Amino acid sequence: MQKVAIIGGGASGVLTAIFCAKSGCKVEVFEQNSKIAKKILVSGNGRCNISNQNLSSSDYFSENPSFVNFALESFGFEKFEKFCVEIGLLLTTLEDGRAYPLSNEAKSVVKIFHDYALSLGVVFHTESKVTDIKEMMQKFESVVVATGSRAASHLGGNSDAEEFAKEFGHTIIPAYPSLVQLHLNSKTASKMSGVKLSGEVSLLINSKKELTNSGDILFTDYGISGFAILDLSQSASYALLNYQVVDISVNLLPSFTMQKLSAHIMRVSESQPQLTLIDILVGLVPLKISNGVLDTLNLLPTLKAKEIHTKLSKKIANQLLNWRFEVSETHGFRHAEVSGGGIDTNEIDEKTMMSKKCQNLYFTGECLDVVGRRGGYNFAFAWASGYLAAKRIIS
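Note that the coordinates shown come from a computational prediction; the quantities given were computed from them, not determined experimentally.

A.B. asks: Now, about the side chain of N52: what can you tell me, with residues and values included?
C.D. replies: With respect to the helices and strands, the residue N52 is situated in strand β3 (residues 51-52). In this structure the side chain of N52 is engaged in a polar contact, spanning 2.9 Å, whose partner is the backbone nitrogen of N54. Separated by 3.4 Å, the side chains of N52 and Y377 make a polar contact. For N52, the residues in contact, after removing those within four places along its chain, are F77, D96, G97, R98, A99, G375, G376 and Y377.

A.B. asks: Describe in detail the environment of K191, supporting the description with residues and values.
C.D. replies: Here K191 lies in helix α8 (residues 187-191). Using a relative accessible area of 55% as the deciding quantity, one classes K191 as exposed. Residues K191 and E347, 156 residues apart in the sequence, show an inter-C-alpha distance of 48 Å. For K191, the residues in contact, after removing those within four places along its chain, are K288 and D295.

A.B. asks: Now, about the layout of surface pockets: what can you tell me, with residues and values included?
C.D. replies: Quantified by volume, the second largest pocket comes out at close to 240 Å³. Together, 17 residues line the second largest pocket, and D231, R373, R374, G375 and Y377 are the ones closest to its centre. For the lining of the second largest pocket, the elements supplying multiple residues, two or more each, are β12 (208-219) and α9 (227-241). No other element matches α9, which puts four residues into the lining of the second largest pocket.

A.B. asks: Got a sec to walk through empty space enclosed by the protein? Specific residues and values, please.
C.D. replies: Taken as a whole, this structure holds two cavities of 30 Å³ or more when the rule is applied. Estimates place the volume of the largest cavity at around 60 Å³. What lines the largest cavity is a set of 13 residues, among which G148, S149, E162, E366 and C367 lie closest to the centre. Breaking the lining of the largest cavity down by element, the ones donating at least two residues are α7 (160-167) and β16 (338-343). Element by element, the count of residues in the lining of the largest cavity is highest for β16, at four residues. In the lining of the largest cavity, the residues fall into three nonpolar, eight polar and two charged. Of the pockets and cavities examined, the second largest cavity occupies roughly 40 Å³.

A.B. asks: Which residues make up the sheet that holds strand β14 (residues 246-251), and what values go with them?
C.D. replies: Taken together, the six strands give a closed barrel; going around it, the order is β10-β13-β12-β11-β14-β15, and neighbouring strands pair in antiparallel fashion. Each neighbouring strand pair of the sheet contributes to a mean axis angle of 45 degrees, computed without reference to strand direction. In the sheet, strand β10 (residues 182-184) pairs with strand β13 (residues 223-225) via two bridges, with the strands oriented antiparallel. Within β13, the residue paired with H183 across the bridge is G223. Where α9 meets the sheet, it contacts β10, β11 (196-205), β12, β13, β14 and β15 (323-330), and its direction lies at approximately 135 degrees from that of β12. Along the sheet, helix α12 (residues 287-297) makes contact with β11, β12 and β15, crossing β15 at roughly 100 degrees.

A.B. asks: I'd like a description of the packing of aromatic side chains, backed by residues and values.
C.D. replies: In this description, an aromatic ring pair is defined by two values, namely the gap between the centres and the angle between the planes. The final tally for this structure, using the stated rule, is 16 aromatic pairs. Geometrically, the ring pair formed by F19 and Y387 is edge-to-face, given 5.4 Å between the ring centres and 85 degrees between the ring planes. Pair noted here: F19 is in helix α1 (residues 11-22) and Y387 is in helix α14 (residues 377-393), with a separation of 368 residues, a long-range link. Per residue, the accessibility class of F19 equals that of Y387, and both read buried. Through a chain of ring-to-ring contacts, the aromatic side chains of F19, F75, F80, F83, F113, F379, W383 and Y387 assemble into a single cluster. Directly above the ring of F168 sits K134, whose terminal nitrogen or CZ lies 5.7 Å from the centroid.

Reading the values: the criteria
- Residues numbered from 1 in each chain as written.
- Predicted model: local features only at pLDDT ≥ 70, side-chain atom pairs only at ≥ 80, totals over all residues.
- Heavy atoms only, no water.
- Helix = DSSP H or I, 4+ residues; strand = E, 2+ residues; numbered from the N terminus.
- Polar contact = N/O pair within 3.5 Å; in protein donor to acceptor, adjacent residues only side chain to side chain.
- Contact = heavy atoms within 4.5 Å.
- Buried < 20%, exposed > 50% of the residue type's maximum accessible area, 1.4 Å probe, protein only.
- 1 Å grid on protein atoms, 1.4 Å probe; cavity = no way out; pocket = protein on both sides within 12 Å on 5 of 7 lines; lining within 4 Å.
- Points joined across faces, edges and corners; volume = space filled by probe spheres on them.
- Nonpolar A, V, L, I, M, F, W, Y, C, P; charged D, E, K, R; others polar.
- Pairing = 2+ DSSP bridges.
- Axes fitted to C-alpha atoms, helices over the stretch in contact; angles between N-to-C directions.
- Phe/Tyr/Trp six-rings, centres within 6.5 Å; stacked < 30°, edge-to-face > 60°.
- Lys NZ or Arg CZ within 6 Å of the ring centre and 35° of its normal.

Below you can see the structure in the form of C-alpha cells.
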C-alpha cells in the first residue's frame, strides 16, 4: 500500500487524494487551516462556480501556454461531471458554460468531496502546516504539493509551494495578483465610490488598446472593481509587474455612439433651455458620476442648458464614453481570487504533474504558472492537474 502525502486540502489536493485512495493508496492530507477547502467555500459568492463546459488553452495565461492542453484533454468537463455524478454531486450549466452544483451551494461540494474521501480512508490533518518538504519526501513514497498561490492570504494563500520548489532547484516565475480590483490615480474616481453600473472598459498598455470587456463596473474609494474590471485584471497586473504604463478607458453609456450622445445633449438643451447641465447629466448617469464629469471638465453644475453649444456637448459625450484613468497598482494578493506566475511549468511533466527535478514529487493547481479567466477555469485546471498526478502515482 503506497503512502501518499498531499500538502494542501484545496480543490486539486482533495481530488488527488480521492483518486489515489480509490486505487488503494494510504493517503494523508495536511491542511494548514482548521477546515479544508476554504477557497471552494467562498467561490462564486458561496455558490461555487465549479468548472466550465467550454475549456481550451486560450482561457489560460502562462509563460508556457500549451502546458494545460494535456490536462484539459485528459480530465475535461465531461469526465469531471461524470465523476461528480458518480459520487452524487449533480451539476447545472449556464448558457455561457459556467457550471455550478445543482444545490447552488459551495458547502455541498465541500461536504460531498470530504465525506467521500473519508469513506475511502483518506486521513485529514487540519491545522497542520508543513514546513519541511524534504522530511515529507523521506516519510512518504509520493508527495503532492497542492498549497495554492499567494492569492487570498486570509484564506491561507501563501508562497509555500514556491519555497518548496526552490529547494529542488525549480525556477519561479514572478507572481502577480489576478482576478483583482484596480487602484486608480484619480481623486475624482474615489468621489464616485459606491456607484455601480453596467458599462464597457478597455485596457490600454503603453497607450495601446489591448482588450475590451463589458459588465458591471463599481467605483470604490481606492479605484475600481466589478466583473468588467476583474476580467481584464490579469493583463493589467502582468503589465504592472513589468513596469509598463497601464490605463483604462471607461465607457459609461455603451449603447450610445459619440454622435448620438452629443445630439441627445444638444436636443435636451434646446428643448429645455431652463434646465442646468447637472439636470441633463443625471438624466443619463448617477449623480456622483455627473459630478465627476463636471469636476474633470471643470464645468459648473449650474451652467444653463441654453449655454451648451455643440463643441461642449461633444466634449461631455467624449468624457462619458471614453473616460481615461491611470492604473497605479492592483488591490493586492489578499483581495485577488487567484494568482499568476508561480512554479515554471517547463520543469513539470505536463502529463503527470511530476517534478522534472525530483522523482515522486508533484505540483498541482494554482501553485503552478497557470492562471485562468473568471468563470470556473481555475477550478477546472485544479481538478485536471490533480487527476493527472493521481493517475501517475497509482500507475
